[in-house]
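The primary structure of each chain is shown beneath.
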Number of protein chains: 2
Amino acid sequence: MEISDRKKKILTAVIEEYIASAEPVGSKTIAELGDLDLSSATIRNEMAELTTMGYLEQPHTSAGRVPSPKAYRLYVNELMNRQRLSLEETDTINESLSNKIQQFDKLMSDVGKLASSLTQYPAVSVAAPRAATISRFDLIYVDANTFIAVAMLSNSTVQNKLVHLPFSVEQGMIVRLAAVFNTNFVGISDDKITPSLISSVERACGDTMGLVSVIAAFAIDTLNKAKEGEAYVSGASHLLRLPEFRDPDKAHELMNYLSDSEHLLGLPDDGVDDIQVLIGPENVAKELQDSSVVIARYNAGDNMRGIIGVVGPTRMDYSAVAAKLSYIAAGLSRLMGMSEAPRGFEKLQIKGMEMITDEHKEDSP
Amino acid sequence: MEISDRKKKILTAVIEEYIASAEPVGSKTIAELGDLDLSSATIRNEMAELTTMGYLEQPHTSAGRVPSPKAYRLYVNELMNRQRLSLEETDTINESLSNKIQQFDKLMSDVGKLASSLTQYPAVSVAAPRAATISRFDLIYVDANTFIAVAMLSNSTVQNKLVHLPFSVEQGMIVRLAAVFNTNFVGISDDKITPSLISSVERACGDTMGLVSVIAAFAIDTLNKAKEGEAYVSGASHLLRLPEFRDPDKAHELMNYLSDSEHLLGLPDDGVDDIQVLIGPENVAKELQDSSVVIARYNAGDNMRGIIGVVGPTRMDYSAVAAKLSYIAAGLSRLMGMSEAPRGFEKLQIKGMEMITDEHKEDSP
DNA sequence: TACTGGCACTCTCGCCCTCTGAGTGCTAAT
DNA sequence: ATTAGCACTCAGAGGGCGAGAGTGCCAGTA
């Protein structure tokens, strides 16, 4: 059966009422809203039909109706009106992002915190794994027992390691090693760094003290680290505020699931849309079957992708959450993803100096 | 009134029973343990006195007794027998630590996760703030628009930044800048990097394009980052397992408190003992008044101090938690704090190669 | 004098019962 | 097609009751 316009209106009203109250919605409540000029009896009939059509559910006979996942899906796809953020809200987000972006390594977790405090739901922040090779290598001589290894990766990140040695090396050796590494280790993936390569390099520069091994280990370590994704969860405690998680066992189950980042690292792969909503049973993980997830993807240039997501009950304010997340994601892409434009420069301004970015735009994209 | 030996024994029994069961303990339960050969009536009398002395409390007239904070304090100070970890447990810890220590920047949060999973309580991992200066500076030329700034700090950490420029610079300029920075910026604290210093340096190397500012900003940023402490919370969901946090509001309050790292950064300062137990009202924060905190301090060399702590109900298995935490802390100090011995070297072994460390010792220190 | 058995007393907790009220489905009237 | 009206259902709140755990106290015993 096709769903009539009037049914859609009623369904929308039920969903929005339920999102606000978390309690089953009765026909009388809807009638009294006054949006549609219908008696409660008429609405009752419509709601009965919506129930047989699978859009509404009754917890028990004499209770009101609760939207089904199918209803939320319809709501998200066509019923809800996409919310625009207020100027105030976009300003807050822009300001937070500008501040956060100063410290690149904390960015991931800070963005999660921002999303969480903005939406009042737990947020997950995930950086997609990305393959990388070393594109430049350097060794900085500090003293006879110490040098710093620096590796710049193909994804434009730089890693370093301070190495103390239990013996002395002369500066010339360090310089020679750097040169050899730059010819042998640049542009290859970590599984190409085999023991046989290491020993041939050892012979090439006359290293008998295991220096090459140490540096090669650093290279492997760095590449591995780059390959791994990262995942952070922020604001998990927001869950406990919600009526659907008053039961500590339920809350515990979900929080436990979220705290294992293994589960979250898979998220960035499937799905192509900029923003994606997974409602209840649409989630594959059984721990999420009663919850919904809103995910925004961003592209931070240099083949680094990430997602920022929010977890909540199926009764979630999809409209507001989606608007906020996509604004954050767009802001991230804008601030970080300008591969063409000069990068890094604008991140290094002294506090108080103006950021070199576009002027703030308050349109949510 | 002085507390007799027999009272101590009874108190210990009550505390341990309560720690295990989370329910008020009656005289009969203690009598049936058989540890002391006394009738329930005698124990009843003793418990009544312990109550007037302030060691026990009654939730209501006809319930058993619950230990007071004062009782836990006595228990921790002299009653409990300090637990030794099993060989198995120490092996697990040692192994985890060896693995974690590979990736220095994740160490903090990983150690928290370890403590949390070991104790089954939420854990906090805090790195104390530490002042630092730059002890060596280097700029690595990548291409005409790109260089890498590397700063080694007095605390032996190394930071770097990839800098893209919206214009070209020649390699000679980069080299000259590095030299100038090494003479002007080494050994000074961040508040010495004033605009006037920057402009004098700018004049010294003929920089008209703001390069010096960019690099100085990196220096300030790096020093600031080093000065800030870091705090992580792991395994907060463990709280929900505990009977005292079945009430979602209580759990929410504590989790909320913990999630704001501001509160935790203060922890490392006060207190001098290696291991410290704060019971209920001994905590200054009102959110912790009903909970206990066990803190272990470690010293990771290079003037880096940190604490690893566990938060739980006052009814906490102090003995086991303290043993585990202090073993972890000692392990950290051992693995990282060997300032005299070669450092860094042992962290860079290829996976599968043996770690260069002391053999595992199963003594808890 | 120190301990113990016994007993009356108290109070929580779980259980059952009842009652109320919200919400429904259906029918007859408009 | 819509609505008013009505009988029906059922969760949840409130009250009463009994069981059981634990206590304090007293009198008796070693």
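Please refer to the structure placed before this passage.
Thresholds, definitions, all that
- Residues numbered from 1 in each chain as written.
- Chains lettered and ligands numbered in written order.
- Predicted model: local features only at pLDDT ≥ 70, side-chain atom pairs only at ≥ 80, totals over all residues.
- Heavy atoms only, no water.
- Helix = DSSP H or I, 4+ residues; strand = E, 2+ residues; numbered from the N terminus.
- Contact = heavy atoms within 4.5 Å.
- Areas by Shrake-Rupley, 256 points an atom, 1.4 Å probe, with all protein chains shown as cover.
- Buried < 20%, exposed > 50% of the residue type's maximum accessible area, 1.4 Å probe, protein only.
- Pairing = 2+ DSSP bridges.
- Near = heavy atom within 4 Å.
- Polar contact = N/O pair within 3.5 Å; in protein donor to acceptor, adjacent residues only side chain to side chain.
- Axes fitted to C-alpha atoms, helices over the stretch in contact; angles between N-to-C directions.
- Nonpolar A, V, L, I, M, F, W, Y, C, P; charged D, E, K, R; others polar.
- Phe/Tyr/Trp six-rings, centres within 6.5 Å; stacked < 30°, edge-to-face > 60°.
- Lys NZ or Arg CZ within 6 Å of the ring centre and 35° of its normal.
- Parallel < 35°, antiparallel > 145°, perpendicular 65-115°, else oblique.

**Q** Honestly, the overall build of chain A in this entry has me stumped. Any pointers?
**A** Across its full length, chain A carries 12 helices and 10 strands. A separation of at least 24 residues holds for 62% of the contacts in chain A among residues at least 6 apart in sequence. Within the structure as shown, chain A displays about 16,100 Å² of accessible surface, and the carbon and sulfur contribution to it stands at 48%.

**Q** I tried to follow the pairing of strand β8 (residues 275-279) of chain B on my own but got confused; where do I start?
**A** Side-chain positions along a regular strand alternate between the two faces of the sheet. All names here are of chain B. Judged by how many residues are buried, β8 sits mostly within the fold: four of five residues are covered. Where β8 meets strand β9 (residues 291-299), five bridges bridge the pair, whose relative direction is antiparallel. Residue Gln276 lies in a different strand from β9, and its bridge partner there is Ile295.

**Q** Quick question: what am I supposed to make of the protein's contact with DNA strand D here?
**A** In the vicinity of DNA strand D, 20 residues are found, and the nearest of them are Arg6, Thr42 and Ser62 of chain A together with Ser27 and Arg65 of chain B. The sugar-phosphate backbone supplies 79% of the atoms of DNA strand D found within 4 Å of the protein. In this structure, Ser62 of chain A approaches DNA strand D through a side-chain N or O atom, which is 3.3 Å from a base oxygen. In this structure, a base nitrogen belonging to DNA strand D sits 3.1 Å away from a side-chain N or O atom of Arg44 of chain B. For the surface near DNA strand D, the secondary-structure elements that each account for two or more residues are α3 (40-52) of chain A together with α3 (40-52) of chain B. In terms of residues, the surface near DNA strand D owes the most to one element, α3 of chain A, which gives four residues.

**Q** Looking at this structure, how should I read the sheet that holds strand β4 (residues 134-143) of chain B?
**A** The strands making up a sheet are joined through hydrogen bonds of the backbone, oriented either antiparallel or parallel. All names here are of chain B. A sheet is described by the order of its strands in space; here three strands give the open sequence β4-β5-β6, paired in antiparallel fashion. The open sheet is flanked by β4 and β6 (158-164), the only strands paired with a single partner. Taking the axes of each pair of neighbouring strands and ignoring which way they run, one obtains an average angle of 15° across the sheet. Bridge count between β4 and strand β5 (residues 146-153): eight bridges; the pairing is antiparallel. Counterpart to Tyr141 in the pairing with β5 is Phe147.

**Q** Just checking my understanding: could you explain the sheet that holds strand β10 (residues 305-313) of chain B for this structure?
**A** Residues and elements named next belong to chain B. Strand order in the open sheet made by the five strands is β7-β3-β10-β9-β8, with antiparallel pairing throughout. Here the strands that pair on one side only, and so sit at the sheet edges, are β7 (230-234) and β8. Between one strand axis and the next, the sheet turns through 15° on average, direction left out of account. Across the face of the sheet, helix α12 (residues 318-336) comes into contact with β8, β9 and β10 while running at roughly 20° to β9.

**Q** Is there a simple way to explain the protein's contact with DNA strand C in this structure?
**A** Around DNA strand C lies a shell of 21 residues, among which Ser27 and Arg65 of chain A together with Arg6, Thr42 and Ser62 of chain B are the nearest. In DNA strand C, the atoms that sit within 4 Å of the protein are 75% sugar and phosphate, with bases accounting for the remainder. Contact between DNA strand C and Thr42 of chain B: a phosphate oxygen at 2.4 Å from a side-chain N or O atom of the residue. Taken together, the elements giving at least two residues each to the surface near DNA strand C come down to α3 of chain A together with α3 of chain B. With four residues, α3 of chain B is the single largest residue contributor to the surface near DNA strand C. When its residues are assigned to classes, the surface near DNA strand C shows four nonpolar, 12 polar and five charged.

**Q** How should I be thinking about the packing of aromatic side chains in this particular structure?
**A** Given two aromatic rings, one states the distance between the centres and the angle between the planes to describe the pair. Considering all chains together, one arrives at eight aromatic pairs over all chains under this definition. Aromatic pair Phe137 of chain B and Phe181 of chain B: ring centres 5.1 Å apart, planes at 20°, arrangement stacked. Of the two residues, Phe137 of chain B is situated in strand β4 and Phe181 of chain B in helix α7 (residues 171-184); the sequence distance between them amounts to 44 residues. For Phe137 of chain B, a relative accessible area of 1% translates into the label buried. A relative accessible area of 0% places Phe181 of chain B in the buried class. Linked through ring pairs, Phe137, Phe181, Phe185 and Phe218 of chain A together constitute an aromatic cluster. Positioned above the aromatic ring of Tyr55 of chain A, the side-chain terminus of Lys70 of chain A is 4.6 Å from the ring centre.

**Q** Just checking my understanding: could you explain the environment of Thr146 of chain B for this structure?
**A** Residue and element names in this part refer to chain B. For Thr146, the position within the fold is in strand β5. Take Thr146: its relative accessible area is 4%, and that puts it in the buried class. Linking Thr146 and Pro166, residues 20 residues apart in sequence, is a C-alpha distance of 9.2 Å. Non-local contacts of Thr146, meaning those with residues more than four positions away in its chain, are made with Tyr141, Leu162, Val163 and His164. Of note is the side chain of Thr146, whose polar atom sits 2.8 Å from the side chain of Asp143. Within polar-contact distance, the side chain of Thr146 engages the side chain of His164 at 3.5 Å.

**Q** Teacher, can you tell me more about the environment of Leu79 of chain B here?
**A** Residues and elements named next belong to chain B. Here Leu79 lies in helix α4 (residues 69-79). Judged by relative accessible area, Leu79 falls into the buried class, the value being 15%. Ignoring anything within four residues of it in the chain, the contact list for Leu79 reads Lys8, Leu11, Thr12 and Leu74.

**Q** Looking at this model, I keep getting lost on the packing of helix α1 (residues 5-21) of chain B against α3 of chain B. Mind explaining?
**A** Residue and element names in this part refer to chain B. With their axes 10 Å apart at the nearest point, α1 and α3 run at an angle of 90° to one another. With respect to α3, the element α1 is oriented roughly perpendicular. Touching Arg6, Lys7, Ile10, Leu11 and Val14 of α1 are Thr42, Ile43, Glu46, Met47, Glu49 and Leu50, all from α3. Classifying every residue of the contact of α1 with α3 by side-chain character gives six nonpolar, one polar and four charged.

Treat this as a map of the structure, not an account of what it does.
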